[in-house]
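Letter by letter, the chains look like this.
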Amino acid sequence: MSVRTRFAPSPTGFMHIGGVRTALFAWLFARKHGGQFILRIEDTDKAREVEGSIAHIIESLRWLGIEWDEGIDIGGPYEPYLQSKRVESYQTYARQLIASGFAYPDPYTEAEVEVFRQKAIDEKRPFLYRDHRPETFGEWDGTQSLRFCIPEIKRYTWTDLVRGELTAGEEALDDFILIKADGLPTYNFAHVIDDLEMKITHIMRGEEFISSTPKFLALYEALGIVRPEIATMPVILGEAGTKKLGKRDGAKDILEYRDEGILPEAMMNFLALLGWHPSGDQELMTSAELIEAFDVTHLQKGGAKLDEVKLHFINQHWMRQLNAHDFIVRGNLEAPDRALLERAVPVLMERAQTFDEAREMLTGELAFLFNAPTPSIESLTEKEPADKSTTTKEALLSIKELLAGSTVSTAEDAKALLMPLADEAEARGKGGRGAVLWPLRYALSGQQRSPDPFTLVALLGVEESLRRVDSALAIL
Ligand code: GLU
């Protein structure tokens, strides 16, 4: 049987990193086994629905590089892939359960159920709907909610692909609602039917579903179906590593990472390592390498800490794999001089861990590349030696002489050309090489800190460097 996995988000408007990681693992697993990956939208809770969510889900997955074989926007053999459009299907299975005595219409009003619930609270015992199950079942006209008649109250033990043997039971089993009075199914019912009809072989989902699993198992039994395998994902913990990363603890939507300048290949690499580790030492992996190495049974059971330092490290690695053109385009980088921007890419690669940082550098610490600085005389002469063995003016004049007519294009060229001047200054007296290198660097950048002067000459080019040296000489 071919592997079929699915990602089944609810359209609630927020793509939590945990949800995206679940999608990634389901996708990697399907790809690894040459199977299919399906995108289904679970929209039966209309109260929680947020407009635009489906487009947001699609955009998020596409950005990351996860493609699906069947799903909401592209259809497929088991369409529709939107639960609210599958009502007929749920009705069919509901009628089958009624016919076999496993479902019945709820005879109580909400107020009556509330009285039962309150009584249980007063008597300090758990409220169980099944304690009030009617002796005989009425006709279901579709306007009452339909409840599952739990066939047997027992403990269930099942094998989870990640966590091994799990067990839960009696306390989780009650006559839960299959179809609500509004005609829509509950998650508990709908996903079981959808997985059956869509021939899903493996379910990847969060830990929060473990406690409900006995309900699903009872339903599989009542329907007489072979259940899919279940793989429970490790929880994602906040930076402190102590509790589940929730929205309130600053959990971000996946596209916020995109907007901060994280590359999708880096995000995918990072997410894959959140709770999983390849058997070797190599952590920096392409999607093809991840598919090749992925093994769902090697997911960790315990929580995985979200570590943004690691994300930035991984991102920098993937940023450095780009050529200058792609670096600029994919980073949305803008600057007044395109050729100069291209030459500055290695400097950005060296220093920036995200494109946000690269963009900030271009308008911040590296803005001087594009707009000539106005140097101050104090800073310019800051390293002039007390013995005046090399004056700043002399230094700049000698530099000017060497630069004019030279064909410097790399930092190495600039170093070969100008370093002898600095060496001579060092040999001559106090102040060392700084007597030459400082005024040059400062004249070119106007900054107390910047890349080294040879890199600057190469970036700015001979002509612009000479112009800046001249401006510095003019104020001396
Ligand atoms: N709609 C559920 C959710 O968003 C999916 C759970 C599942 O994968 O079964 O949490």
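Data block above holds the structure.
Residues numbered from 1 in each chain as written. Predicted model: local features only at pLDDT ≥ 70, side-chain atom pairs only at ≥ 80, totals over all residues. Heavy atoms only, no water.

(A) Representation of the environment of Ala422. Mapped onto the secondary structure, Ala422 falls in helix H16 (residues 411-428). Classification of Ala422 by relative accessible area gives buried; the value is 0%. For the pair formed by Ala422 and Ala94, sequence separation is 328 residues and the distance between their alpha carbons is 87 Å. Filtering out sequence-adjacent residues up to four positions away, Ala422 remains in contact with Arg433, Val436 and Leu437. (Helix = DSSP H or I, 4+ residues; strand = E, 2+ residues; numbered from the N terminus. Buried < 20%, exposed > 50% of the residue type's maximum accessible area, 1.4 Å probe, protein only. Contact = heavy atoms within 4.5 Å.)

(B) Inspection of the packing of helix H17 (residues 434-445) against helix H18 (residues 453-475) at higher detail. One way to put it is that H17 packs onto H18 with a least axis distance of 8 Å and a crossing angle of 85 degrees. As far as their axial angle goes, H18 and H17 are roughly perpendicular. For the pair H17 and H18, the contacting residues are Leu437, Leu440, Arg441, Ala443, Leu444 and Ser445 in the first and Pro453, Phe454, Leu456, Val457, Leu460, Ser465, Arg468, Val469 and Ala472 in the second. Tallied by class, the residues present in the contact of H17 with H18 amount to eleven nonpolar, two polar and two charged. (Axes fitted to C-alpha atoms, helices over the stretch in contact; angles between N-to-C directions. Parallel < 35°, antiparallel > 145°, perpendicular 65-115°, else oblique. Nonpolar A, V, L, I, M, F, W, Y, C, P; charged D, E, K, R; others polar.)

(C) Layout of the packing of aromatic side chains. Counted according to the given criterion, the structure contains eleven aromatic pairs. Relative to Phe189, the ring of Tyr90 lies with its centre 6.5 Å away and its plane at 55 degrees, an arrangement referred to as tilted. Placement of Tyr90 in helix H3 (residues 87-99) and of Phe189 in helix H5 (residues 187-197) is noted, with a sequence separation of 99 residues between them. Phe189 carries the same exposure label as Tyr90, and that label is buried. Judged by centre distance (4.5 Å) and plane angle (20 degrees), the ring pair of Tyr104 and Phe137 falls under stacked. With Tyr104 in strand E4 (residues 103-105) and Phe137 in the loop between helix H4 (110-122) and strand E5 (146-148), this pair connects stretches of sequence that are 33 residues apart. By relative accessible area, which is 0% here, Tyr104 ends up buried. Through successive ring pairs, a cluster of aromatic residues spans Phe25, Trp276 and Phe294. Of note, Arg147 hangs over the ring of Tyr129, and the distance from its end group to the ring centre comes to 3.4 Å. Looking at Lys383, its charged tip hangs above the ring of Trp438, at a distance of 4.0 Å from the centre. (Phe/Tyr/Trp six-rings, centres within 6.5 Å; stacked < 30°, edge-to-face > 60°. Lys NZ or Arg CZ within 6 Å of the ring centre and 35° of its normal.)

(D) A look at the site of the ligand. Lining the immediate environment of the ligand, one finds Arg6, Ala8, Pro9, Ser10, Glu42, Tyr187, Arg205 and Phe209. A distance of 2.4 Å is found between an oxygen atom of the ligand and a side-chain nitrogen or oxygen belonging to Tyr187. In the environment of the ligand, an oxygen atom lies 3.2 Å from a nitrogen or oxygen atom belonging to the side chain of Arg205. Bound to the protein, the ligand loses 78% of the 300 Å² it would expose on its own. Residue composition of the shell around the ligand, by class: four nonpolar, one polar and three charged. (Near = heavy atom within 4 Å. Polar contact = N/O pair within 3.5 Å; in protein donor to acceptor, adjacent residues only side chain to side chain. Areas by Shrake-Rupley, 256 points an atom, 1.4 Å probe, with all protein chains shown as cover.)

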